[in-house]
Amino acid sequence: MPAAPKYKRILLKLSGEALLGKADYGIDPQVIGRLARETIEVQQAGVEVGIVIGGGNIFRGEGLAAAGMDRVTGDHMGMLATVINALAMQDALEKLGARVRVMSAIKINQVCEDFIRRRAIRHLEKGRIAIFAAGTGNPFFTTDSAAALRAIEIDADLLLKATKVDGVYSADPKKDKGAQRFEQLSYDQVIERKLAVMDTAAIALCRDHKIPLRIYDMSREGDLMRIIRGESIGTLVS
């Protein structure tokens, strides 16, 4: 018999780039379909699931600013990109029978609900998957910071960051074959060593509110459920 879930409520952070799959731009239907299946599997095991998705597969505010665009305008475009991804994820989940609500940090009522903390918690308690779109609603804050903030607001037991690498390394493993993978780190070690896990604001939020963070490779099927059951996969920051 499979082990019971170790967590009651989680916040899953998906990068926009992760949705690309093998495409150059946009969303790979196979990737988003698999992520939806794994998310539903976790929810059916009795875990309440909130999701934050980035927008880097469509627009990234920081990148647009580097190319000469006004940073605030670029960030607003990035927020709208996360709404597109959230709606795509909602569709993929609903096709598999899940009940889902998209909640946006910016007003876009004809498309989805406004983010209201108490309503978000109520959705989770009623067995709905809540997808939090548009970051924090403010420019200059990443979707990593939004994920940490939402994890705190919904009182999540764990913040999961799904990436393209199987944890946190001392250097870029693609460039440095001698890069060391860490099983566990403290929040302060991540900040002091400038390890590219999440931005400093997100790590500081997790530290100050004692939200454990686990970084894992989302391309390895089944790892999400293994983490939920307590297996040590990827890197734990606590």
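In this report, we go over the structure that sits alongside the text.

Calculation notes
- Residues numbered from 1 in each chain as written.
- Predicted model: local features only at pLDDT ≥ 70, side-chain atom pairs only at ≥ 80, totals over all residues.
- Heavy atoms only, no water.
- Phe/Tyr/Trp six-rings, centres within 6.5 Å; stacked < 30°, edge-to-face > 60°.
- Helix = DSSP H or I, 4+ residues; strand = E, 2+ residues; numbered from the N terminus.
- Buried < 20%, exposed > 50% of the residue type's maximum accessible area, 1.4 Å probe, protein only.
- Salt bridge = Lys/Arg side-chain N within 4 Å of Asp/Glu carboxyl O.
- Pairing = 2+ DSSP bridges.
- Lys, Arg positive; Asp, Glu negative; His and termini not counted.
- Polar contact = N/O pair within 3.5 Å; in protein donor to acceptor, adjacent residues only side chain to side chain.
- Expected span 1.5 Å × (residues − 1).
- Contact = heavy atoms within 4.5 Å.
- 1 Å grid on protein atoms, 1.4 Å probe; cavity = no way out; pocket = protein on both sides within 12 Å on 5 of 7 lines; lining within 4 Å.
- Points joined across faces, edges and corners; volume = space filled by probe spheres on them.

1. A short note on the packing of aromatic side chains
One pass over the structure, following the stated rule, counts 1 aromatic pair. Measuring from centroid to centroid gives 5.5 Å for F115 and F132, while their planes differ by 90°, and the two rings are edge-to-face. In this pair, F115 sits in the loop between β4 (113-114) and α4 (117-125) while F132 sits in strand β5 (residues 129-133), placing the two residues 17 residues apart along the sequence. We classify F115 as buried; its relative accessible area is 16%.

2. A short note on the pattern of salt bridges
Summed over the entire model, instances satisfying the criterion amount to 17 salt bridges. Across the pair D144 and K13 runs a salt bridge, and its minimum N-O distance is 3.1 Å. With a gap of 131 residues between them, D144 in helix α5 (residues 143-153) and K13 in strand β1 (residues 9-14) connect regions that are remote in the sequence. Among the residues examined, K13 registers a relative accessible area of 3% and is labelled buried. Residues joined in a network through salt bridges with shared partners are K8, R9 and E48.

3. Quick look at the pairing of β1
Burial runs high along β1: 6 of the 6 residues are buried. What you see with β1 is no split at all: R9, L11 and K13 on one side and I10, L12 and L14 on the other are buried throughout. As judged from the 5 bridges shared by β1 and strand β6 (residues 158-163), these two strands associate in the parallel manner. In the strand pairing of β6, K13 is matched with K161.

4. A look at the side chain of D217
With respect to the helices and strands, D217 occurs in strand β10 (residues 213-217). One buried charged side chain, D217, makes no salt bridge at all; its nearest oppositely charged neighbour is R220, positioned 5.2 Å away. A polar contact is formed between the side chain of D217 and the side chain of S219, at a distance of 2.7 Å.

5. What to know about helix α1 (residues 29-44)
With 16 residues, α1 ought to run about 22 Å at 1.5 Å a step, and its terminal C-alpha atoms sit 22 Å apart, in line with that. Buried within α1 are the following residues: V31, I32, G33, R34, L35, A36, E38, T39, I40, V42 and Q43. Contact partners of the buried residues in α1: β1, β2 (48-53), α3 (71-95), β5 and α8 (223-228). The positive-phi residue at the C-terminal boundary of α1 is G46, with phi of around 105°.

6. Some remarks on the environment of L93
As for its position among the elements, L93 is in helix α3. Looking at L93, the relative accessible area reads 0%, which means it is buried. Taking the C-alpha atoms as reference, L93 lies 7.4 Å from R37; in sequence the two are 56 residues apart. Residue contacts for L93: discarding those within four places in its chain leaves A36, T39, I40, I51, A98, V100, I129 and I131.

7. As for the layout of surface pockets
Reported here for the largest pocket is a volume of approximately 1,100 Å³. Lining the largest pocket are 46 residues; nearest its centre among them are S15, E17, R60, D144 and K161. Broken down by element, the lining of the largest pocket gets its largest block of residues, 5 residues, from α3. When its volume is computed, the second largest pocket comes out at roughly 190 Å³. Every residue along the wall of the second largest pocket is listed here: E17, A18, G21, K22, D28, V31, R34, T163, K164, D217, M218 and S219.

Function-wise, these values are silent; they only describe arrangement.
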